[in-house]
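Given next are the chains, with one letter for each unit.
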There are 2 protein chains.
Amino acid sequence: MKHTLNKNKQEILQAAQKQCLKHDLRFTSKRSNVLQLMLHENKPLSAYDIMADYKTQYNQSISAVSVYRMLDFLIHAQLVHKLASSSQYIVCSHITCHHAHETPQLLICDTCHQVEEIGIGTLLTSELEANIAATGFKLQHQQLELHGVCSSCQKLH
Amino acid sequence: MKHTLNKNKQEILQAAQKQCLKHDLRFTSKRSNVLQLMLHENKPLSAYDIMADYKTQYNQSISAVSVYRMLDFLIHAQLVHKLASSSQYIVCSHITCHHAHETPQLLICDTCHQVEEIGIGTLLTSELEANIAATGFKLQHQQLELHGVCSSCQKLH
DNA sequence: ACACAAATGTAATGTTATAACATTTCATCC
DNA sequence: GGATGAAATGTTATAACATTACATTTGTGT
Ligand SMILES: [Zn+2]
Ligand SMILES: [Zn+2]
Ligand SMILES: [Zn+2]
Ligand SMILES: [Zn+2]
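This is a predicted model, so every value here is computed, not measured.

K.L.:
Explain the sheet that holds strand β4 (residues 115-118) of chain A residue by residue, including any values.
P.N.:
As summarised here, the arrangement of the four strands in space is β4(A)-β3(A)-β6(A)-β5(B), forming an open sheet in which the pairing is mixed. A strand with exactly one partner marks an edge of an open sheet, and here the two such strands are β4 of chain A together with β5 (138-139) of chain B. Note that strand β6 (residues 144-149) of chain A and β5 of chain B share two bridges and pair antiparallel. Counted as the bridge partner of Val149 of chain A is Lys138 of chain B from β5 of chain B.

K.L.:
Tell me what's going on with the packing of aromatic side chains, and back it up with residues and numbers.
P.N.:
Residue and element names in this part refer to chain A. This model, assessed by the stated rule, comprises four aromatic pairs over all chains. Ring centres of Tyr48 and Tyr68 lie 6.3 Å apart, and the angle between their planes is 70°; on these two criteria the pair is classed as edge-to-face. Linking Tyr48 in helix α4 (residues 47-58) with Tyr68 in helix α5 (residues 64-76), this pair joins segments that are 20 residues apart in sequence. On the basis of relative accessible area, Tyr68 is assigned to the partly exposed category, the value being 35%. Over the ring of Phe73 we find Arg31, and its NZ or CZ is 3.7 Å from the ring centre.

K.L.:
Give a description of the protein's contact with DNA strand D that names residues and reports values.
P.N.:
Residues in contact with DNA strand D amount to 15 residues; listed here are only the nearest, Lys82 of chain A together with Thr28, Lys30, Ser66 and Arg69 of chain B. With respect to DNA strand D, the side chain of Tyr68 of chain A contributes an N or O atom lying 3.1 Å from a phosphate oxygen. If you list the elements that add at least two residues to the surface near DNA strand D, you get α5 of chain A together with α3 (29-41) and α5 (64-76) of chain B. At three residues, α5 of chain B tops the list of elements feeding residues into the surface near DNA strand D.

K.L.:
I'd like a description of the protein's contact with DNA strand C, backed by residues and values.
P.N.:
In the vicinity of DNA strand C, 15 residues are found, and the nearest of them are Thr28, Lys30 and Arg69 of chain A together with Tyr68 and Lys82 of chain B. Here DNA strand C approaches the protein such that, of its atoms within 4 Å, sugar and phosphate make up 51%. Contact between DNA strand C and Arg69 of chain A: a base nitrogen at 2.5 Å from a side-chain N or O atom of the residue. Within the side chain of Tyr68 of chain B, a nitrogen or oxygen atom sits 3.1 Å from a phosphate oxygen of DNA strand C. When contributions to the surface near DNA strand C are tallied by element, the ones reaching two or more residues are α3 (29-41) and α5 of chain A together with α5 of chain B. No other element matches α5 of chain A, which puts three residues into the surface near DNA strand C. Considering only residue class, the surface near DNA strand C consists of five nonpolar, five polar and five charged.

K.L.:
Requested: an account of the environment of His147 of chain B, with residues and values cited.
P.N.:
Tracing the backbone through its elements, the reader meets His147 of chain B in strand β6 (residues 144-149). Residues His147 of chain B and Ile118 of chain B, 29 residues apart in the sequence, show an inter-C-alpha distance of 13 Å. Every residue in contact with His147 of chain B, bar those within four places of it in the chain, is listed here: Phe137, Lys138, Leu139, Gln140, His141 and Gln142 of chain A together with Ser85, Ile108 and Asp110 of chain B. Among the polar contacts made by the side chain of His147 of chain B, one reaches the side chain of Asp110 of chain B at a distance of 2.7 Å.

K.L.:
Mind laying out the coordination of the zinc ion (ligand 4), listing which residues take part and the relevant values?
P.N.:
All names here are of chain B. Looking at the metal site, the zinc ion (ligand 4) is ligated by Cys109 (SG), Cys112 (SG), Cys150 (SG) and Cys153 (SG), spaced 2.2 to 2.4 Å from it. Bound by four donor atoms, the zinc ion (ligand 4) shows angles of 106 to 114° at the metal and therefore tetrahedral coordination geometry. Each donor residue of the zinc ion (ligand 4) lies on the same chain, and together they follow the pattern C-x2-C-x37-C-x2-C. Pair noted here: Cys112 is in the loop between β3 (105-109) and β4 (115-118) and Cys150 is in the loop between β6 and α7 (151-155), with a separation of 38 residues, a long-range link.

K.L.:
Help me get a handle on the relation of the copies chain A and chain B, residues and values and all.
P.N.:
Superposition record for chain A on chain B: RMSD 0.1 Å, screw rotation 180°, translation along axis 0.0 Å. Such a combination of rotation and displacement between the chain copies is what one expects of a two-fold axis. Of every C-alpha in chain A, the one belonging to Ala84 of chain A sits nearest the axis of rotation, 2.9 Å from it. Comparing interface residues between copies, 100% of those in chain A also lie at the interface in chain B; the contact surface is shared.

K.L.:
Kindly report on the coordination of the zinc ion (ligand 3), identifying the contributing residues and their values.
P.N.:
Residues and elements named next belong to chain B. Taken together, His81 (NE2), Cys92 (SG), His101 (NE2) and Glu117 (OE) make up the full set of protein donors to the zinc ion (ligand 3), lying 1.9 to 2.2 Å away. Taken together, the four donor atoms surrounding the zinc ion (ligand 3) define angles of 98 to 131° at the centre, an arrangement classified as tetrahedral. Mapped onto the polypeptide sequence, the residues donating to the zinc ion (ligand 3) form the spacing pattern H-x10-C-x8-H-x15-E. Note that His81 is positioned in strand β1 (residues 80-83) and Glu117 in strand β4, a separation of 36 residues in sequence. For the pair His81 and Glu117, a shared accessibility class is recorded, and that class is buried.

K.L.:
Tell me about unusual backbone geometry, and name the residues and values.
P.N.:
Of note, Asn42 of chain A is a non-glycine position whose phi angle comes to about 55°, a positive value. By the element assignment, Asn42 of chain A lies in the loop between α3 and α4. At Asp24 of chain B, a residue that is not glycine, the phi angle is positive and equals roughly 60°. Note on placement: Asp24 of chain B falls in the loop between α2 (9-22) and α3.

Reading the values: rules and limits
- Residues numbered from 1 in each chain as written.
- Chains lettered and ligands numbered in written order.
- Predicted model: local features only at pLDDT ≥ 70, side-chain atom pairs only at ≥ 80, totals over all residues.
- Heavy atoms only, no water.
- Pairing = 2+ DSSP bridges.
- Helix = DSSP H or I, 4+ residues; strand = E, 2+ residues; numbered from the N terminus.
- Phe/Tyr/Trp six-rings, centres within 6.5 Å; stacked < 30°, edge-to-face > 60°.
- Buried < 20%, exposed > 50% of the residue type's maximum accessible area, 1.4 Å probe, protein only.
- Lys NZ or Arg CZ within 6 Å of the ring centre and 35° of its normal.
- Near = heavy atom within 4 Å.
- Polar contact = N/O pair within 3.5 Å; in protein donor to acceptor, adjacent residues only side chain to side chain.
- Nonpolar A, V, L, I, M, F, W, Y, C, P; charged D, E, K, R; others polar.
- Contact = heavy atoms within 4.5 Å.
- Donors = N, O, S within 2.8 Å, 3.2 Å for Na, K, Ca; no water.
- Tetrahedral: all angles 85-135°; square planar, octahedral: opposite > 155°, others 65-115°.
- Least-squares fit on C-alpha atoms with pLDDT ≥ 70 in both.

What follows is the structure, encoded as structure tokens:
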């Protein structure tokens, strides 16, 4: 089951606002609007998709630069993740979770393009880290993007 | 020590050619030239970097489209990897290895931008796979890109 | 009200990647 | 060796993604 679907949008928005306040970040109405439309779409969007959506949903033009700046903000606030492999953006699935945000691990379905964000165990993470530390490299892995086919798409064979 | 530095370029080129012949792929002179200059630079390059380099090194203009096509070819031939997180391209470190190519795992230094390609054990890979399979997702992870700081850069603290 | 910093707007441009169609190169068959 | 067809490469244009530089507006604290 999708993590984001467990909680309603209102709850997520409030948690996002709270999270921003806690870190002295301004959760402006435009930033909120962007997060809301991303929640509403519930799929990876490009910056230009968001720009177009914003225009449609709020009947107000917004520039690409502004979208990128808002995305930057939301990413730093850990409310949004960037999918490097597709240059798209998606709302974090753990906004309403109380635990600290781990290394995001994103399962990207190459068939339907839905993304599921999971948390593999810290055990596995530290194992990976140890394995790599042996080469002298110091990991800071911001994110793991894993491609494959989701369970729904598998059923449709 | 860097894997690519263990073998000389000539050996890598010959292995690349052999690998292409085996799979009925044409290792043309331009494709060879692109691979050679990538080997020579020994660092991640953008398609447009390669275009400029080609002009300089071979005194012959080449279009961006051609570079992208050659990169596509080289990627399919498993001679080159694309770094999604930086939209750059790098020669595979395992061209002269005899074993089949595993899921590439790229350690990207965020300080000096050098890339080290390793092979974490199949044990860890299958563990990761099992962990994710539990969610119903079928992995096809083409590649793992891990960011951090390499050992040289750590020494320079 | 004033001063300052943060957010957003505007315009231009840079960077990465692909589409559509023309031409050249090269292996194969006769 | 010339015809044939597929693969490679060239050419032109444009789409898609992202940033720089500078102006204006908004919001906060005094
Ligand atoms: Zn997240
Ligand atoms: Zn799917
Ligand atoms: Zn490789
Ligand atoms: Zn380094």
